Structures are given as C-alpha cells and as structure tokens.
Amino acid sequence: ESMRTTKPKKELNVAVAKDVILVNEQPVMAIGDIPPNEVLIPQLEAKLKEYAQREKELEIEVGKEFTHEVIIQGDESITYELLFRVMYTCGQSEFNKMRLLTVSSPPIE
C-alpha cells in the first residue's frame, strides 16, 4: 500500500502486467518470452535504448534535458524477481532514476 498522494510526472513509463511488458502503453514482449537465466531482459533493453537515443537527440536539437527518469508500474501479482529484472534492465539502458507507481483504491466507506 502507498501513502504518498503526489501525482507522477510525465516520464517514460514501463508497465509490467500479468502477461506482458509495455513501454509507454505499447507492448514490448510477453512475460513468457523473458529468458529465464539472465538478469537483463534483452527485448526491453533494446526498446529502452531507442527511447534513450531519442532523448539524447532532443537534448542536442532543442535543449530538452534527458532526465534519465522512468516510472515503473507493476501488477500486484508480479514477482519480486521480475520487478528486480525490470529495474536492472532500466538501469542498464540509461534510465537510472526510477520511480515506482502505485495505484491506490478509493477508501471504503
């Protein structure tokens, strides 16, 4: 459960659902396709490196700072191991400032 009530900033979003990983709401890969014996998730790394490259180009072209920030959103059913692997992959892809997004339910009255 989360007690923080601040709204997240608009940054790159990696969502880990029950059966798929999404980047900015676009499916990247099925959870079942993740290599079992590696910490790094190669398909996710490739997609994140594309976003990092775009951010660096924007920084040069228009002065928009590359913040290296990513919001990680996970389904409550995912394992800690999978969350760790996603975080590790983000860090290896130049997105080393991570925020975890939690969704709180409205209070029951």
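Not measured: the values here are computed from a predicted model.

### Points about the overall build of the chain
1) Next: For the chain, the helix and strand inventory stands at 2 helices and 5 strands.
2) Next: Order of helices (α) and strands (β) in the chain, N terminus to C terminus: β-β-β-α-β-α-β.
3) Next: Going through the 109 residues of the chain one by one, you find that 29% of them count as buried.
4) Next: Per element, the accessible surface of the chain, about 7800 Å² overall, is 51% carbon and sulfur.

### Considerations on the pattern of salt bridges
1) Next: Within the structure shown, the criterion is met by 6 salt bridges.
2) Next: Measuring nitrogen to oxygen at the nearest pair gives 2.8 Å for the salt bridge that ties Glu-94 to Lys-56. Of this pair, Glu-94 sits in the loop between helix H2 (80–92) and strand E5 (97–101) while Lys-56 sits in helix H1 (residues 42–62), placing them 38 residues apart in sequence.
3) Next: Of the residues examined, Glu-94 reaches a relative accessible area of 32% and is grouped as partly exposed.
4) Next: Through salt bridges that share partners, Lys-47, Glu-50 and Arg-54 make up one connected network.

### Side note on the nonpolar core
1) Next: In terms of nonpolar packing, the biggest core is built from 20 residues, with Val-14, Ile-21, Val-86 and Phe-95 touching the most fellow members.
2) Next: When contributions to this core are tallied by element, the ones reaching two or more residues are strand E1 (12–16), strand E2 (20–23), H1, strand E4 (69–74) and H2.
3) Next: Broken down by element, this core gets its largest block of residues, 4 residues, from H1.
4) Next: When neighbours within four sequence positions are excluded, Ile-21 is seen to be in contact with Val-14, Ala-15, Val-16, Gln-26, Pro-27, Val-28, Met-29, Ile-31, Ile-34, Ile-41, Leu-44 and Val-86.

### Some thoughts on the pairing of E4
1) Next: Sheet analysis places E1 next to E4, joined by 5 bridges and oriented parallel. Looking across to E4, one finds that Ala-15 is bridged to Gln-73.
2) Next: Where E4 meets E5, 5 bridges bridge the pair, whose relative direction is parallel. Bridge assignment links Val-70 to a residue of E5, and that residue is Met-98.
3) Next: One crossover worth recording links E4 to the parallel E5 by way of H2, and it is right-handed.

### Description of the environment of Gly-91
1) Next: Looking at the element boundaries, Gly-91 is found in helix H2.
2) Next: For Gly-91, a relative accessible area of 27% gives the class partly exposed.
3) Next: For Gly-91, the residues in contact, after removing those within four places along its chain, are Asn-96 and Met-98.

Calculation notes
Residues numbered from 1 in each chain as written. Predicted model: local features only at pLDDT ≥ 70, side-chain atom pairs only at ≥ 80, totals over all residues. Heavy atoms only, no water. Helix = DSSP H or I, 4+ residues; strand = E, 2+ residues; numbered from the N terminus. Buried < 20%, exposed > 50% of the residue type's maximum accessible area, 1.4 Å probe, protein only. Areas by Shrake-Rupley, 256 points an atom, 1.4 Å probe, with all protein chains shown as cover. Salt bridge = Lys/Arg side-chain N within 4 Å of Asp/Glu carboxyl O. Core = buried A, V, L, I, M, F, W, Y, C linked by side-chain atoms within 4.5 Å. Contact = heavy atoms within 4.5 Å. Pairing = 2+ DSSP bridges. Right-handed = clockwise from strand over helix to strand, strands pointing away.

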